[in-house]
Amino acid sequence: MKGKQSLDSLDVLYIELTTKCNLNCIHCGNEEKNAQELDLDLVEKLLHEFKEADGKKLVLTGGEPLMHPNIERILQMSSQQPYNTKLSTNATLLNQPRFGFVLDQDIGFRVSLDGTEEVHNEIRRDKNAYVNLIEAMKQMSKRRRQIVIRTTVMKKNKDSIVNMLFELDCISQQGLSIYSINIWPIRDIGCAQQEQILSAQEYKGFLETLNKGTRGLNPNFRIIVGPTFGMEREFKGGPIQSNQIYRCDLLNTSVHISASGEIYPCSFVHYSLGNVRKTSIRQIFRSKKAKEFRRLFLSEDNHDCAGCEDYDSCRAGCIAERYKELLVNPGQRVKDVYCFREPNLELKCTRT
């Protein structure tokens, strides 16, 4: 329902239950300095609103959502709803007996793995993070829960991702069931360390290395990377898949509710459209402010992509880092900071 501004088109709802976390990752997008969390009554109200909207997928996030004091009740409530519920967790707590109830719930899991064991532990600042995660995923697999792994590419781990994929392939042959591995570049939000952010050319080099290095891999899980800015044509014959149409559907099919109750267009864009402690999701989603922001954010007129032959594959990519420029100067043209294309130059070369 492209362009429809009603709650009927809200398919995916992200709820940040708490900003508390048991880890201190170097690429954390959490921007809250003081711990905050949504109270149980409000969460129940939000779950009901999403049900009434015929929502399709609920993603419970954090911080670390398992640190919410009412997480057991929240999972019980959400797993009973008609929509699909996923828990976004670092999974390091799931091996503790007191969290045994989590795997009893009919939910899927989104976990983060950011390299081989040594690299992942360094990023997590926890020497046991990798071992705890693998063990937790094995327990998920025994319960036949869907596992989606998210990997964030940064300077610290860009040279270890290929080895990580081969290791996961080996472990999966021993009973670890993974649905997909989604690989995205680090974003400049929250507490993410600036020195870990890749340049556009470094990101291009990573994609090339990933494509070349995995040609001998034939995994039983999907490997999805994005944005790819037209490079997906080079992936043919290998295991790497691209999110070919990398189009942002913020405010069209999804919104993010922070632990402070603020509704954001997405977890990367911390621009408040309203607060669910004061106003319903429906009212905020249909508000003039939401409509105007979406128009400004998604308009092709505001994308710095003129002449690029690959525009249809990314639609300017993710412009989360640059949304403030649009608010300050609506005439500013922006695109993904990782875009390695020079559209006008390429167009000129094509014509000669």
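As a reminder, the structure under discussion sits directly above these lines.
This structure is a prediction, so every number in the text was calculated from the model and none was measured.

A. Up close: the packing of helix H1 (residues 40-52) against helix H2 (residues 71-79). Their axes nearest at 11 Å, the elements H1 and H2 cross at an angle of 10°. Taken together, H1 and H2 sit at an angle that is classed as roughly parallel. Between H1 and H2 lies a crossing whose hand is right-handed. Two secondary-structure elements touch here, H1 through Leu40, Val43, Glu44 and Leu47 and H2 through Arg73, Ile74, Met77 and Ser78. Residues belonging to the contact of H1 with H2 are distributed by class as follows: five nonpolar, one polar and two charged.

B. Seen up close, the environment of Glu195. As for its placement among the helices and strands, Glu195 is situated in the loop between strand S6 (180-185) and helix H6 (200-213). Once the C-alpha coordinates of Glu195 and Lys155 are considered, the two residues, 40 residues apart in sequence, prove to be 7.9 Å apart.

C. Up close: the sheet that holds strand S4 (residues 108-112). Strands sit in the order S8-S7-S6-S5-S4-S3-S2-S1-S9-S10 across an open sheet of 10 strands; the sheet is mixed. Where the open sheet ends on each side, the last strands, each with one partner, are strand S8 (240-242) and strand S10 (263-264). Here S6 pairs with strand S7 (residues 222-225) via four bridges, running parallel. Across the sheet, residue Ser180 finds its bridge partner in S7, namely Arg222.

D. Up close: the nonpolar core. Grouped together as the largest cluster of nonpolar side chains are 98 residues, with contacts concentrated most on Val102 and Met140. With near-sequence residues (within four places) excluded, Val102 lies in contact with Leu66, Leu75, Leu87, Leu94, Ile107 and Phe109.

E. Quick look at the packing of helix H5 (residues 161-172) against H6. Contact pair H5 / H6: the axes reach a minimum separation of 9 Å and the direction vectors enclose 35°. Crossing hand, H5 versus H6: right-handed. Each of Ile161, Val162, Leu165 and Phe166 in H5 lies in contact with H6, whose residues at this interface are Phe206, Thr209, Leu210 and Gly213. Counted by class, the contact of H5 with H6 contains six nonpolar, two polar and no charged residues.

F. Just the pairing of strand S1 (residues 12-16), in detail. Most of S1 sits inside the fold, with four of its five residues counted as buried. In this structure, S1 lies alongside strand S9 (residues 254-257), joined through four bridges in parallel fashion. The residue bridging Tyr14 from the neighbouring strand is His256, located in S9.

G. Inspection of the pairing of S6 at higher detail. Within S6, six of the six residues are buried, which leaves the element mostly enclosed by the surrounding structure. By the alternation rule, side chains of S6 split into Ser180, Asn182 and Trp184 and Ile181, Ile183 and Pro185, which are all buried. Here strand S5 (residues 147-153) runs beside S6; their pairing, made up of six bridges, is parallel. Counterpart to Thr152 in the pairing with S6 is Trp184. Each parallel crossover has a hand, and the one from S5 via H5 to S6 is right-handed. A crossover links S6 with its parallel partner S7, the connecting element being H6, and its sense is right-handed.

H. Spotlight on the environment of Ala259. Summarising the element assignment, Ala259 is placed in the loop between S9 and S10. Given a relative accessible area of 1%, Ala259 falls into the buried group. A sequence separation of 244 residues divides Ala259 from Ile15, and the C-alpha atoms of the two residues are 7.5 Å apart. If near-sequence neighbours (up to four positions away) are discounted, Ala259 is found in contact with Glu16, Leu17, Thr18, Thr19, Gln36, Glu37, Leu38 and Arg277.

I. Region of interest: the side chain of Ser78. Looking at the secondary structure, you find Ser78 in helix H2. With residues near it in sequence (within four places) discarded, Ser78 still touches Leu47, Leu58, Leu60, Tyr83 and Thr85.

J. View of the packing of aromatic side chains. Overall, the coordinates contain nine aromatic pairs when judged by the stated rule. Judged by centre distance (4.9 Å) and plane angle (50°), the rings of Phe50 and Tyr83 are tilted. Placement of Phe50 in helix H1 and of Tyr83 in the loop between H2 and strand S3 (84-89) is noted, with a sequence separation of 33 residues between them. Judged by its relative accessible area of 4%, Tyr83 is buried. Judged by centre distance (6.4 Å) and plane angle (25°), the ring pair of Tyr203 and Phe206 falls under stacked. Of the two residues, Tyr203 and Phe206 are both situated in helix H6; the distance of three residues between them amounts to about one turn of the helix. Judged on exposure class, the residue Tyr203 and its partner Phe206 are both buried. One aromatic cluster is present, formed by Tyr271, Phe293, Phe297 and Tyr323 through successive ring pairs. Just above the ring of Tyr271 sits the side chain of Lys289; from NZ or CZ to the centre is 5.1 Å.

Thresholds, definitions, all that
Residues numbered from 1 in each chain as written. Predicted model: local features only at pLDDT ≥ 70, side-chain atom pairs only at ≥ 80, totals over all residues. Heavy atoms only, no water. Axes fitted to C-alpha atoms, helices over the stretch in contact; angles between N-to-C directions. Helix = DSSP H or I, 4+ residues; strand = E, 2+ residues; numbered from the N terminus. Parallel < 35°, antiparallel > 145°, perpendicular 65-115°, else oblique. Left-handed = near helix turned anticlockwise from the far one by under 90°. Contact = heavy atoms within 4.5 Å. Nonpolar A, V, L, I, M, F, W, Y, C, P; charged D, E, K, R; others polar. Pairing = 2+ DSSP bridges. Core = buried A, V, L, I, M, F, W, Y, C linked by side-chain atoms within 4.5 Å. Buried < 20%, exposed > 50% of the residue type's maximum accessible area, 1.4 Å probe, protein only. Right-handed = clockwise from strand over helix to strand, strands pointing away. Phe/Tyr/Trp six-rings, centres within 6.5 Å; stacked < 30°, edge-to-face > 60°. Lys NZ or Arg CZ within 6 Å of the ring centre and 35° of its normal.

Everything listed here is a matter of coordinates, which is why it stays silent on function.
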